[in-house]
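What follows is each chain in one-letter form.
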Amino acid sequence: MLVEKNVPLQTSNTFGIVAKALTLVRVGSQADIAAVLQNPALRAAAKFVLGGGSNIVLTGDVKALVLKVEITGRRLVSENAKAWIVEAGAGENWHDLVTWTLQNGYPGLENLALIPGTVGASPVQNIGAYGVELQDRFDSLDAVDLTTGRSFTLNAAQCAFGYRDSVFKHTSKPDAAGHSGFGLAGKALITKVRFALPKAWKPVLGYADIEKKRLQSSIDVPDALQIYEWICEIRKAKLPDPKLIGNAGSFFKNPTVSPEQCADIIQREPKIVHYQLADGSVKLAAGWLIDACGWRGKSIGNAGVYEKQALVLVNRGGAGHPVTGGEVMTLAKAIQTSVYERFGLRLEPEPVVV
Ligand SMILES: Cc1cc2nc3c(=O)[nH]c(=O)nc-3n(C[C@H](O)[C@H](O)[C@H](O)COP(=O)(O)OP(=O)(O)OC[C@H]3O[C@@H](n4cnc5c(N)ncnc54)[C@H](O)[C@@H]3O)c2cc1C
């Protein structure tokens, strides 16, 4: 095990924020985790698990021991009448896994193509795009408890998936009402994830952008590879490439309100973009709310609101004077205040602030 000191993280986070890991260990196997937990100087240290850095905002040098996940491998582990079970190491690149599954004839992840980051982080916020969430294709995961060193396996129910949410985003601390929940935030390192990819595959269509592609191509029933190609084209046209403009994707979650709250807002804001959910609640488009408050294209310091999509905050500083985590959070707070004052809604950030 190599313990690295003062490791620059600018290229390890997609915002391109300049910060260092005071101490970093690369985790290529379960044995590396065991070595960390047996090391007297490291075992008791606070730990931060780092994947591709595409869903974090670094607000300074990271004092916690950074465990950079680099566990590789992908294979078909089993199959049953309904699904192929594919397993991947937590350090595998997510988009490369999606591509590999399709090339090997296991469809199901195509709508999630081109999401940056690693396989190991995908259950953390239950990644989702274009009508599919990770939980729809999830089988189970293996993880290591970073306090005891014990390995464990979780199924979907145990992961408690929600909208951009899972057990890995919560701590066991009691909430405001005094109820103590079960949470694994900061406590577990996911080592492997298994996916159940359906044999009776059906395309997930319905999103306006996908429908547009379908009409333009006059392909009535696209196959999984076709959807993958469309999703890649749509995402390239809509979202900034972090290699060119630093960002962490959607910065806020779309707020969910009751039908009554929605009706009340519609009276005041007839044009508000909203989607009915299966459970009767209504999801509001956070990007629309931010846009309506006039933030699109605006900046505070080197943190800006992307011109083509107000939900994405970007690094306007470039390589010379990159944005700081403080500037990103100042802009995020100013946006939250505007949206609250106009709509009475509290926007919740999606990335993890470190
Ligand atoms: C341009 C762009 C587009 C995006 N589009 C989408 C989208 O469409 N849908 C979507 O859901 N997200 C999207 N994202 C967000 C991001 O890509 C995902 O959240 C991704 O899963 C983060 O992976 P990562 O490896 O970069 O995680 P990191 O940013 O490194 O970490 C994120 C969190 O996960 C934890 N973590 C990471 N790996 C592990 C592990 N192995 N075990 C335990 N905890 C771990 C970290 O501690 C941290 O709390 C986008 C981001 C960008 C930059």
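For every chain, the first residue of the written sequence is number 1, and numbering continues from 1 onward in sequence order. Per-residue local features are limited, in this predicted model, to residues with pLDDT of at least 70; the limit for side-chain atom pairs, both in listing and counting, is 80 or more; totals at the level of whole chains, interfaces and linings are taken over all residues. Hydrogens and waters are ignored; side-chain quantities use all the structure's heavy atoms.

Let's talk about the domain arrangement of the protein
Size of an interface: often given as the accessible area lost when the parts come together.
So, point 1. When cut into domains, the protein gives domain 1 (3-69), domain 2 (74-238) and domain 3 (247-353).
So, point 2. A separation of 29 Å is found between the C-alpha centroids of domain 1 and domain 3.
So, point 3. The contact rule is simple, with two residues in contact once any of their heavy atoms fall within 4.5 Å. Taken together, the contacts link twelve residues of domain 1 with 16 residues of domain 3.
So, point 4. By buried area we mean how much accessible surface two parts lose on assembly, using a 1.4 Å probe and totalling the loss over both. With both sides pooled, the region where domain 1 packs onto domain 3 buries about 1100 Å², and carbon together with sulfur makes up 61% of that total.
So, point 5. In terms of surface lost to domain 3, no three residues of domain 1 exceed Phe15, Asn55 and Val57, which account for 58% of the buried area on that side.
So, point 6. Basic side-chain nitrogens of Lys or Arg form a salt bridge, by our definition, when they fall within 4 Å of a carboxyl oxygen of Asp or Glu. Linking domain 1 to domain 3 there are zero salt bridges.
So, point 7. Pairs of N or O atoms are called polar contacts if they sit within 3.5 Å, as long as, within protein, a hydrogen donor faces a hydrogen acceptor (for residues adjacent in sequence, only side-chain-to-side-chain pairs). Here domain 1 and domain 3 share four residue pairs in polar contact (both at pLDDT 80 or more) between them.
So, point 8. Polar here means any residue outside two lists: the nonpolar Ala, Val, Leu, Ile, Met, Phe, Trp, Tyr, Cys and Pro, and the charged Asp, Glu, Lys and Arg; Gly therefore counts as polar. Split into classes, the residues belonging to the side of domain 1 that touches domain 3 amount to six nonpolar, six polar and no charged. Residue ranges for the domains originate in an automatic or database domain assignment.

Observations regarding the packing of helix 4 (residues 208-217) against helix 5 (residues 224-238)
So, point 1. Lines fitted to the C-alpha atoms define the axes, with helices restricted to the stretch that makes contact. Angles between their N-to-C directions range from 0 to 180 degrees. Here a strand is any run of E in DSSP of at least two residues, a helix any run of H or I of at least four, and the numbering for each starts at the N terminus. At their nearest, the axes of helix 4 and helix 5 sit 10 Å apart, and the two run at 120 degrees to each other. In this view, helix 4 runs oblique relative to helix 5, as classed from their interaxial angle. Crossing of helix 4 over helix 5 shows right-handed handedness. Between helix 4 and helix 5, the residues in contact are Asp209, Ile210, Lys213, Arg214 and Ser217 and Trp230, Ile231, Glu233, Ile234 and Lys238, respectively.
So, point 2. Residue composition of the contact of helix 4 with helix 5, grouped by class: four nonpolar, one polar and five charged. Working definition: roughly parallel below 35 degrees, roughly antiparallel above 145 degrees, roughly perpendicular at 65 to 115 degrees, and oblique for all remaining angles. Handedness of a helix crossing follows the sense of rotation of the near helix relative to the far helix, less than a right angle counterclockwise being left-handed and clockwise being right-handed.

Side note on the state of the cysteines
So, point 1. When two cysteine sulfur atoms lie within 2.5 Å, the pair is treated as a disulfide. The final tally for this structure, using the stated rule, is zero disulfides.
So, point 2. Lacking any disulfide linkage, Cys293 is separated from the closest cysteine sulfur, that of Cys262, by 16 Å.

Observations concerning the site of the ligand
So, point 1. Not every one of the 33 residues close to the ligand is listed here, only the nearest: Val49, Gly52, Ser54, Thr118 and Gln125.
So, point 2. Contact between the ligand and Gly53: an oxygen atom at 2.9 Å from a main-chain N or O atom of the residue.
So, point 3. The backbone of Asn55 places a nitrogen or oxygen atom 2.8 Å from an oxygen atom of the ligand.
So, point 4. In short, Shrake-Rupley with a 1.4 Å probe defines the accessible areas, and a residue's cover is counted only from the protein chains shown. Taken by itself the ligand offers 980 Å² of open surface, and the protein chains cover 93% of this.
So, point 5. Of all the secondary-structure elements, those providing two or more residues to the shell around the ligand are strand 3 (47-50), strand 8 (128-129), strand 12 (188-198) and strand 13 (247-250).
So, point 6. Counted by class, the shell around the ligand contains 18 nonpolar, 13 polar and two charged residues. One heavy atom within 4 Å of a molecule or strand is enough for the residue carrying it to be called near that molecule or strand.

Remarks on the pairing of strand 7 (residues 83-89)
So, point 1. Throughout this description, buried means an accessible area under 20% of the type-specific maximum (1.4 Å probe, protein chains only), exposed means over 50%, and partly exposed covers the range between. Here strand 7 lies mainly inside the structure; seven of its seven residues are buried.
So, point 2. A strand pair is defined by DSSP finding two or more bridges across the two strands. One ladder, built from five bridges, connects strand 6 (residues 74-79) with strand 7; its direction is antiparallel. Paired with Arg74 across the strands is Ala88, a residue of strand 7.
So, point 3. Taking the residues between adjacent antiparallel strands as the criterion, strand 6 and strand 7 are bridged by three residues.

Considering the pattern of salt bridges
So, point 1. Under the defined criterion, the tally for this structure stands at 17 salt bridges.
So, point 2. Here Asp209 ties to Lys238 by a salt bridge, and the two come within 2.9 Å at their closest N and O atoms. Of this pair, Asp209 sits in helix 4 while Lys238 is found in helix 5, placing the two residues 29 residues apart along the sequence.
So, point 3. A relative accessible area of 38% means that Lys238 is categorised as partly exposed.
So, point 4. By sharing partners, the salt bridges in this structure join Arg75, Glu87, Asp142 and Arg194 into a single network.

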